[in-house]
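Each chain is listed here by its residues.
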Amino acid sequence: MAQVAVGLGSNMGDRRAHIEAAVARLREVISDLRVSTLIETDPMYVTDQPVYLNGAAIGFTDLGPLALLARLKAIEVEVGRTPSVRYGPREIDLDLLAYGRVAFRSPGRLEVPHPRTPERRFVLEPLAELDPPLHLPGLGPVASLLERCR
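Here the structure is a predicted model, which is why all the values come from computation and not from measurement.

Explain the overall build of the chain to me, please; I cannot follow it from the model alone.
Tallying secondary structure elements over the chain gives four helices and nine strands in all. When the helices and strands of the chain are listed from N to C terminus, the series reads β-α-β-β-β-α-β-β-β-α-β-β-α. Here the C-alpha radius of gyration of the chain, 14 Å, is about what a compact globule of 150 residues would show, namely 15 Å. Reported as C-alpha extents along the three principal axes, the dimensions of the chain are approximately 35 × 35 × 30 Å. Buried positions account for 48% of the 150 residues belonging to the chain. Long-range pairs, those at least 24 residues apart, make up 66% of the contacts in the chain with a sequence separation of at least 6. Element-wise, carbon and sulfur atoms account for 54% of the exposed surface of the chain, whose accessible area totals about 7,400 Å².

I'm lost on the side chain of Asp93 in this one. Help?
In this fold, Asp93 is placed in strand β5 (residues 93-99). Classification of Asp93 as buried rests on a relative accessible area of 14%. Reaching out from Asp93, the side chain makes a polar contact with the side chain of Arg81 at a distance of 3.0 Å. Of the polar contacts made by the side chain of Asp93, one reaches the side chain of Arg90; its length is 3.4 Å. Leaving out residues up to four positions away in the same chain, Asp93 has contacts with Gly7, Leu8, Gly9, Glu76 and Arg81.

Is there a simple way to think about the nonpolar core in this case?
In a soluble, globular protein the nonpolar side chains are often hidden away together inside. Counting 24 residues, the largest nonpolar core has Val6, Leu8, Leu26, Leu94 and Leu96 as the members making the most contacts within it. Counting only elements with at least two residues in this core, the list comes to β1 (2-10), α1 (15-26), β4 (52-61), α2 (65-79), β5 and β7 (110-112). With five residues, the top contributor of residues to this core is α2. Apart from the residues within four sequence positions on either side, Leu96 is in contact with Val4, Ala5, Val6, Pro65, Leu68, Leu72, Leu110, Val112 and His114. In terms of nonpolar packing, the next biggest core, distinct from the first, is built from 16 residues, Ala56, Phe122, Val123 and Leu130 among them.

Just checking my understanding: could you explain the packing of α1 against α2 for this structure?
Packed helix pairs are specified by the crossing angle of their axes together with the interaxial distance, meaning the distance between the axes. The N-to-C vectors of α1 and α2 enclose an angle of 135°; their axes lie 10 Å apart at closest approach. The orientation of α1 with respect to α2, classified from their angle, is oblique. Between α1 and α2 the crossing geometry is right-handed. Along the contact surface, α1 presents His18, Ala21, Ala22, Arg25 and Leu26, while α2 presents Arg71, Leu72, Ile75, Glu78 and Val79. Taken together, the residues of the contact of α1 with α2 sort by class into six nonpolar, one polar and three charged.

The rules behind each value
Residues numbered from 1 in each chain as written. Predicted model: local features only at pLDDT ≥ 70, side-chain atom pairs only at ≥ 80, totals over all residues. Heavy atoms only, no water. Helix = DSSP H or I, 4+ residues; strand = E, 2+ residues; numbered from the N terminus. Rg over C-alpha atoms; globule rule 2.2 N^0.38 Å. Buried < 20%, exposed > 50% of the residue type's maximum accessible area, 1.4 Å probe, protein only. Contact = heavy atoms within 4.5 Å. Areas by Shrake-Rupley, 256 points an atom, 1.4 Å probe, with all protein chains shown as cover. Polar contact = N/O pair within 3.5 Å; in protein donor to acceptor, adjacent residues only side chain to side chain. Core = buried A, V, L, I, M, F, W, Y, C linked by side-chain atoms within 4.5 Å. Axes fitted to C-alpha atoms, helices over the stretch in contact; angles between N-to-C directions. Parallel < 35°, antiparallel > 145°, perpendicular 65-115°, else oblique. Left-handed = near helix turned anticlockwise from the far one by under 90°. Nonpolar A, V, L, I, M, F, W, Y, C, P; charged D, E, K, R; others polar.

Pasting the structure below:
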């Protein structure tokens, strides 16, 4: 089993309900799931949109990285995500942030650890709450990344 980290976000509709519904479905494929405190954050990249509710979840799965990514995308649809512009508003967003001790790349589909993690305080704070010594291959310890992001 691999330890995985998933980023959680929503900025449309009942944000908390969307995240709670996604977490319930994540528990079907990720065991021992722990979820961080949810925090409000300003949007990045496309700033003319509502504020986000963000968090992270850590647990263990038997699914491989691409199978887990497919499940995350299916959960987004199940929870009600509708097509939108890149970095635009969304009912639910699930990002595979880390997959075990592996750095994995499937061009055009998946890169873990998530390459934008070092610039995203809304990812680093929840991860640090759950597992401060968590080491992201090729990026370093979450606590150090968070310190540099300040």
